[in-house]
Amino acid sequence: MAERLIIDQLDDAVAEILAGRAPDLTNSDPVVAMLAEMAVDLRGLPTEAFRAQLRQQLGRREEMSSPAQERKAQTVRGLWAHLVFSNASAAMDFYKKAFGATETMRLTEPGGKIGHAEMKIGEATISLSDEYPDYGSLSPQTIGGSPIKLHLEVVDVDEFARVAVAAGATITRPIQDQFYGDRAGQLLDPFGYTWAISTHIKDVPVDELQQKVEEWATQEAEKKSKKGRREGFHSVTPYLTVRKAPELVDFVKSAFGATELFRTTGSAGGLHCEVKIGESMVMIGGGEGIQEWPTAIHLYVPDVDAAYQRALDAGATSLATPTDQEYGERSAAVQDSTGNHWYIATTFTPLKEIDQDLHTVTVYFHPVGAARMIEFLDQAFGAKEVMRHQSDEGYIYHAKVRLGDSIVEMGEAHDQWQSMPTAIYLYVEDVDAVYEQALQAGAVSVVPPADQPYGDRNAWVKDPFENIWYIATTVA
């Protein structure tokens, strides 16, 4: 293989051809030899414009004739896409029909294979060729798709899409008005390339665009978190397990206006009930002889004083009377007759303005070693820490951690707020993968993954802080 750059070899070959002499290709790169043979065949074409295009493609001799000019040529002077096809000729025909493209150049081998061609789509230029596997030039159809997307800005995106589809393109994203000020969509051509197409409608300020992106990301995260869970459930659902389960069901109805949606006998012979408080689901279960897993719940209500009084009337014991808090809530705390703690709260401002990341019902942990628990949740379930308020010594007063579309809260065990190992029903996309991940993070298996008759595939693990996690994915 010659050590000189291919562009220099091409420059010399073109110079010889243009001077009417046969170039010496003995030590030239095979690509140079192939293109030189094409150039010889095309030497007699009459137009000066074509000759200028040929010389531009094979090397600008004038700009490459000295070291100073060589440095100048290194500055980027243009950018266009080069597309590779299994049938470049058919692709060119398609782009003419679908995009109104104009062919400006075509170099072919004697057998008809296209070594290089150029087309203009509006003011944009693309170059293209057939496949050359020996030189790493492969089409999307060969490699199973293209990693790039090309963007066309057009006058009328709807009409452009109509013509393209009639020529054989497929719409992969509908034409719609977009938040960034364009009416846009996406097409897939018959050769494996994706084309984003758009018509600009209006200018949108950057700060407004950023806000829209954040809203979109939140919506997408919500969609993703809904995969594999039952309708109406969030990623995290507390499972209040007590011996007197019917009594607890009656309590949440009386105190917090819960609505009972489902009741049956569980696999262990006890009660299983599902109630809704606000927009959150709560599972309640248990019975005589079944281990209890009482829970601490942060509960948002419209009127904390009224809910606090109803809870006391329904048999709860006061842990803290209603008090305005400096962090923007009026809150109280009660313990129901079955051992659960309810941190009842009403915000001073509308909920969406102060704590929009919390649901009506939020599980609250009091672990011994809150920092270690946050680390476990990250490693086991892919949790993301949202906030942490701690002392200089690392004592965590309050923290929020996101699990799917839900937040769990925690604060270090202290005073009357001690650790309450609890049970949580956690919806995930892949039970088996998360189960293994949890074991790697330090959890202990209680029940391995198995399909259940009620339509979920689930597994049980106990974390290092004695909490039970029912990891589940809805499969039917």
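Within each chain, residue numbers correspond to sequence positions counted from 1 in written order. Per-residue local features are limited, in this predicted model, to residues with pLDDT of at least 70; the limit for side-chain atom pairs, both in listing and counting, is 80 or more; totals at the level of whole chains, interfaces and linings are taken over all residues. Based on all heavy atoms of the structure, the side-chain values leave hydrogens and waters out of the count.

1. A word on the overall build of the chain
Here a strand is any run of E in DSSP of at least two residues, a helix any run of H or I of at least four, and the numbering for each starts at the N terminus. Secondary structure assignment for the chain yields 13 helices and 24 strands. Residue contacts follow a heavy-atom distance rule, with two residues in contact if any of their heavy atoms lie within 4.5 Å. Sequence separation of 24 or more characterises 56% of the internal contacts of the chain that already satisfy a separation of 6 or more. Carbon and sulfur atoms make up 51% of the accessible area of the chain, which totals about 24,900 Å². Reported accessibility uses the Shrake-Rupley method at a 1.4 Å probe radius. Residues are deemed covered only where the shown protein chains occlude them.

2. A closer look at the sheet that holds strand 2 (residues 102-108)
Paired through backbone hydrogen bonds, the strands of a sheet run either parallel or antiparallel to each other. The 4 strands are arranged 1-4-3-2 in an open sheet whose pairing can be described as mixed. Of all the strands in the sheet, the pair left with one neighbour each is strand 1 (82-85) and strand 2. The mean inter-strand angle of the sheet, taken between neighbouring strand axes irrespective of direction, is 20°. When DSSP finds two or more bridges between two strands, those strands count as paired. When strand 3 (residues 114-121) meets strand 4 (residues 124-130), the two strands line up antiparallel, connected through 5 bridges. Each bridged residue has a counterpart across the sheet, and for isoleucine 121 the counterpart in strand 4 is alanine 124. Axis definition: a line fit to C-alpha positions, over the contact stretch in the case of helices; interaxial angles, taken between N-to-C directions, run 0 to 180 degrees.

3. Topic: empty space enclosed by the protein
It is a probe the size of a water molecule, rolled over the atoms, that shows where empty space is left. Every definition here rests on a 1 Å grid over the protein atoms only: cavities are sets of points where a 1.4 Å probe fits but cannot get out, pockets are open sets enclosed by protein on both sides within 12 Å along at least five of seven lines, and lining residues have some atom within 4 Å of a point. Grid points are joined across faces, edges and corners, and a volume is the space filled by probe spheres set on the points. Taken as a whole, this structure holds 4 cavities of 30 Å³ or more when the rule is applied. Space inside the second largest cavity adds up to approximately 50 Å³. Together, Phe365, His366, Pro367, Met373, Ser419, Met420, Pro421, Phe465 and Asn467 line the second largest cavity. Gly is placed with the polar residues, together with every amino acid not listed as nonpolar (Ala, Val, Leu, Ile, Met, Phe, Trp, Tyr, Cys and Pro) or charged (Asp, Glu, Lys and Arg). Its residues assigned to classes, the lining of the second largest cavity shows 6 nonpolar, 3 polar and no charged.

4. Some remarks on the pairing of strand 22 (residues 444-451)
The pairing of strand 22 with strand 23 (residues 456-462) spans 5 bridges and is antiparallel. Paired with aspartate 451 across the strands is arginine 457, a residue of strand 23. Between strand 22 and strand 23, which pair antiparallel and follow one another directly, the connecting turn spans 4 residues, one of which, glycine 455, has a positive phi of 105°.

5. A look at the nonpolar core
As a rule of thumb, soluble globular proteins bury nonpolar side chains together. In this description, a nonpolar core means a group of buried Ala, Val, Leu, Ile, Met, Phe, Trp, Tyr and Cys residues linked to one another through side-chain atoms lying within 4.5 Å. Note on exposure labels: buried denotes an accessible area under 20% of the residue type's maximum, exposed denotes more than 50%, and partly exposed covers the range between, all computed with a 1.4 Å probe on protein chains only. Val252, Phe256, Trp342, Leu377, Phe381 and Trp469 are the most contacted members of the largest nonpolar core, which has 60 residues in total. The next biggest cluster of nonpolar side chains, apart from the first, holds 31 residues, and it includes Ala98, Ala164, Tyr193 and Trp195.

6. Focus on the environment of valine 157
Secondary-structure assignment places valine 157 in helix 7 (residues 157-167). For the pair valine 157 and threonine 199, spaced 42 residues apart in the sequence, the C-alpha separation amounts to 5.5 Å.

7. Quick word on the packing of helix 5 (residues 88-99) against helix 7
Between helix 5 and helix 7, the least distance of the axes is 7 Å, while the angle of their chain directions is 145°. For the crossing formed where helix 5 meets helix 7, the hand is right-handed. Within the contact between the two elements, helix 5 uses Phe94, Lys97, Ala98 and Phe99 and helix 7 uses Phe160, Val163, Ala164 and Ala167. Class assignment of the residues belonging to the contact of helix 5 with helix 7 gives a composition of 7 nonpolar, no polar and 1 charged. Left-handed describes a crossing whose near helix is turned anticlockwise from the far helix through less than a right angle; right-handed describes the clockwise counterpart.

8. Notes on the sheet that holds strand 17 (residues 361-365)
Taken in spatial order, the 8 strands of this open sheet run 14-15-16-13-17-20-19-18, and their pairing is mixed. Looking at which strands have only one partner, the edges of the open sheet turn out to be strand 14 (317-324) and strand 18 (384-390). Averaged over all pairs of adjacent strands, the angle between their axes in this sheet comes to 20°, without regard to strand direction. Sheet strands touched by helix 10 (residues 304-313): strand 14, strand 15 (329-335) and strand 16 (341-347). Its angle to strand 15, the strand with the most contacts, is close to 5°.

9. A closer look at the packing of aromatic side chains
Think of it this way: a Phe, Tyr or Trp ring, Trp meaning its six-membered ring, pairs with another when their centres are within 6.5 Å, and the plane angle makes it stacked under 30 degrees, edge-to-face over 60, tilted otherwise. Under the counting rule described, the total for this entry stands at 25 aromatic pairs. Look at tyrosine 425 and tyrosine 470: their rings are 6.2 Å apart centre to centre, the planes differ by 50°, and that puts the pair in the tilted class. Of this pair, tyrosine 425 sits in strand 21 (residues 423-427) while tyrosine 470 is found in strand 24 (residues 468-474), placing the two residues 45 residues apart along the sequence. With respect to burial, tyrosine 425 and tyrosine 470 carry one shared label: buried. Taken together, the ring pairs in this structure connect Phe85, Phe94, Tyr95, Phe99, Phe160, Phe191, Tyr193 and Trp195 into an aromatic cluster. The criterion for a charge sitting over a ring is simple: Lys NZ or Arg CZ within 6 Å of the ring centre, and within 35 degrees of the ring normal. The positively charged end of lysine 113 is found above the aromatic ring belonging to tyrosine 132, 4.1 Å away from the centroid.

10. Here's the deal with a nonpolar patch on the surface
A cluster of nonpolar side chains, Phe179, Tyr180 and Val213, forms an exposed patch at the surface whose accessible area comes to about 230 Å². Take phenylalanine 179: it is sitting in the loop between strand 6 (170-177) and strand 7 (182-188). Note on patches: the residues involved have over 30% relative accessible area and no salt bridge, like charges join within 9 Å, and the nonpolar side chains Val, Leu, Ile, Met, Phe, Trp and Tyr join within 5 Å. Whenever a carboxyl oxygen of Asp or Glu lies within 4 Å of a side-chain nitrogen of Lys or Arg, that contact is scored as a salt bridge.

11. Section: helix 7
Listed as buried for helix 7 are Val157, Phe160, Ala161 and Ala164. On an axial view of helix 7, the arc spanned by its buried residues comes to 95°, and they lie on one face. Each element contacted by the buried residues of helix 7 is listed here: helix 5, strand 5 (149-153), strand 6, strand 7 and strand 8 (194-200). One side-chain oxygen of the residue at the start of helix 7 lies 3.2 Å from the amide nitrogen of aspartate 158, identifying that residue as aspartate 156. Note on helix 7: the residue one or two positions beyond its end, glycine 168, has a positive phi of about 125°. Taking the helix axis as origin, the arc is that swept by the directions to the C-beta atoms. The term polar contact refers here to a pair of N or O atoms within 3.5 Å; inside protein, the definition further demands a hydrogen-donor-capable atom paired with an acceptor-capable atom, and it admits residues adjacent in sequence only when both atoms are side-chain atoms.

12. Structural notes on the packing of helix 12 (residues 370-381) against helix 13 (residues 431-441)
The interhelical angle for the contact between helix 12 and helix 13, taken along N-to-C directions, is 145°, at an axis separation of 7 Å. For the crossing formed where helix 12 meets helix 13, the hand is right-handed. Residue-level inspection shows Phe376, Gln379, Ala380 and Phe381 of helix 12 in contact with helix 13, the latter providing Val434, Gln437, Ala438 and Ala441. Looking at the contact of helix 12 with helix 13 residue by residue, the class counts come to 6 nonpolar, 2 polar and no charged.

13. Details of unusual backbone geometry
Even without glycine at this site, glutamate 466 takes up a positive phi of about 75°. On the secondary structure map, glutamate 466 appears in the loop between strand 23 and strand 24. Here glutamate 466 falls in the partly exposed class, since its relative accessible area comes to 40%.

14. Regarding the environment of glycine 455
Along the chain, glycine 455 turns up in the loop between strand 22 and strand 23. Glycine 455 gets classed as buried once you look at its relative accessible area, which sits at 6%. Between the C-alpha atoms of glycine 455 and alanine 472, which are 17 residues apart in sequence, the distance is 10.0 Å. Setting aside its immediate chain neighbours within four residues, glycine 455 contacts Thr473, Thr474, Val475 and Ala476.

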